[in-house]
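One-letter residues, chain by chain:
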Amino acid sequence: MESFDLQLSEKQLTIEPQDNGTYRIMEGLDKLGVIYPEPSDDEVVWNTQDELDEGFVRQVGKMITEHNDNG
């Protein structure tokens, strides 16, 4: 999978899909963290083991899902 860019508010983020199903979130050369989807009963829930805001993780995860669905 190739990296792709997302615009979130004023932030230009680069999303780097990893072979293990996680996504590395970059802002410029800075790694913000890694997020990953977990299936739930009726939707995909996005999580992280990094110190990222839950709302940010949810928002970026939703954008990744939309990107992948439109891919």
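Sequence order as written defines the numbering, with residues in each chain counted from 1. Whole-chain, interface and lining totals are the exception, using all residues; otherwise, since this is a predicted model, local features are given only for residues with pLDDT of at least 70 and side-chain atom pairs are given and counted only at 80 or more. The basis for the side-chain values is all heavy atoms of the structure; hydrogens and waters are excluded.

### Description of helix α1 (residues 54-70)
To keep things clear, this is the line we draw: Numbering goes from the N terminus for both helices and strands, where a helix is a DSSP run of H or I of at least four residues and a strand is a run of E of at least two. Take the number of residues in a helix, subtract one, and multiply by 1.5 Å to get its expected span. Exposure classes here rest on a 1.4 Å probe applied to the protein chains alone. A residue is buried below 20% of its type maximum, exposed above 50%, and partly exposed in between. The arc refers to the directions leading from the helix axis to the C-beta atoms. Between two residues, a contact is recorded if the distance between any of their heavy atoms is within 4.5 Å. Under this definition, polar contacts are N or O atom pairs within 3.5 Å; protein pairs additionally need one hydrogen-donor-capable and one acceptor-capable atom, and for neighbouring residues in sequence, both atoms have to be side-chain atoms.
In this model α1 runs 24 Å from its N-terminal to its C-terminal C-alpha over 17 residues, within 8% of the 24 Å that 1.5 Å per residue would give. Here α1 has its buried residues at Phe 56, Val 57, Val 60, Gly 61, Met 63 and Ile 64. Angular distribution of buried residues about the axis of α1 spans 165°; they occupy a single face of the element. Facing away from the buried side of α1 by over 90 degrees, the exposed positions are Glu 54, Arg 58, Lys 62, Asp 69 and Asn 70. In this structure, the buried side of α1 is in contact with β1 (4-8), β2 (11-17), β3 (23-27), β4 (30-39) and β5 (44-48). Two to three positions downstream of the cap, the backbone nitrogen of Gly 55 sits 3.0 Å from a side-chain oxygen, assigning the N-cap of α1 to Asp 53.

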